[in-house]
Amino acid sequence: MSLLHHGTLTIGGRTVHRLGFGAMSLTGPGVWGPPEDREACLRVLRRAVELGADFIDTADSYGPYVNEEIIREALHPYPEHVTIATKAGFVRTGPGEWHPVGRPAYLRQEVEMSLRRLGVDRLDLLQLHRVDPEVPLEDQVGELKALRDEGKIAAIGLSEVTVEQLERARRVVEIASVQNRYNLTLRASEDVLDHCEAQGLAFIAYTPIAKGRLAAPGGPVDHVARDLGATPAQVSLAWLLARSPALVAIPGTSSLAHLEENMGAATVSLTPEQVAELSAA
């Protein structure tokens, strides 16, 4: 399969294919603790890169810390073409528990620790995982700018932001990407995606595979999948990649079979009529 079918884009000066890999699933239940089968997770990561995924998304809070350590064990020394994107600013205190912490000193600490865990001198892309409402946004991205200027971060991104927050951040420092939840059935970030495309920024879609009514048997995704001889997951991803040239999809899994299925979306081409049918659903 060739990921070039859906093209590439540039994030912070690095060119990546638009179908990447989200590593969050390579942890324990509730994104907490180590995975039950670490060796299986290592195989999934290595196979993802073999299949052409050159954008790997992680975060300090996945585990916490476990995810970055697994990525290093699986892939270090990293192939020159592979971009590792991590995040800071979201704290894990237990299974399924998340709390934003954007104090500048904390963000600096986490960047320093991510450098150590990933085994690099500079992070390819560091994303503010969440905006902390208790800390001025300008102070949060201002600290990331200082870290970039010190050579510890190559590019800065944001996660789960509005257009207004994005533009506030851009007045402080250059922003390379936005990572928001977006898929066929969850389109609350439509305006952010359109804004990123207009401004030449990358939009990284997490939770990219549609679920629920639209993807149910007999639904519109299933209908298109049957016509194409593809799976609903592949159709969901193909629709995303057709939606905007600024979009990178990062499906994640701990299963080799699901990984192969997801990466198979690289070979799925939707007609304009199918894109319109799905968009209108």
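Keep in mind it's a predicted model, so treat the numbers as computed, not measured.

**Q** Help me out: how do you make sense of the overall build of the protein chain in this one?
**A** Assigned secondary structure in the protein chain consists of 10 helices and 12 strands. Relative to the 2.2 N^0.38 estimate, which gives 19 Å for 281 residues, the radius of gyration of the protein chain is 18 Å and therefore close to what a compact globule would have. Taken along the three principal axes of its C-alpha coordinates, the protein chain extends 55 × 40 × 35 Å. Relative to its 281 residues, the protein chain shows a buried fraction of 54%. Once local pairs closer than 6 in sequence are excluded, the contacts in the protein chain between residues at least 24 apart make up 74%. Summing over all exposed atoms, the protein chain offers an accessible surface of approximately 11,500 Å²; the carbon and sulfur share of this is 51%. For the protein chain, the distance from the average site of its 27 positive side-chain charges to the average site of its 37 negative ones is 2 Å.

**Q** Please explain the side chain of Glu68 as it appears in this structure.
**A** Its place among the elements puts Glu68 in helix α2 (residues 66-75). Beyond its immediate stretch of four places on either side in the chain, Glu68 contacts Thr58, Ala59, Asp60, Thr86, Ser114, Arg117 and Leu118.

Conventions we followed
- Residues numbered from 1 in each chain as written.
- Predicted model: local features only at pLDDT ≥ 70, side-chain atom pairs only at ≥ 80, totals over all residues.
- Heavy atoms only, no water.
- Helix = DSSP H or I, 4+ residues; strand = E, 2+ residues; numbered from the N terminus.
- Rg over C-alpha atoms; globule rule 2.2 N^0.38 Å.
- Buried < 20%, exposed > 50% of the residue type's maximum accessible area, 1.4 Å probe, protein only.
- Contact = heavy atoms within 4.5 Å.
- Areas by Shrake-Rupley, 256 points an atom, 1.4 Å probe, with all protein chains shown as cover.
- Lys, Arg positive; Asp, Glu negative; His and termini not counted.
- Charge placed at Lys NZ, Arg CZ, Asp CG, Glu CD.

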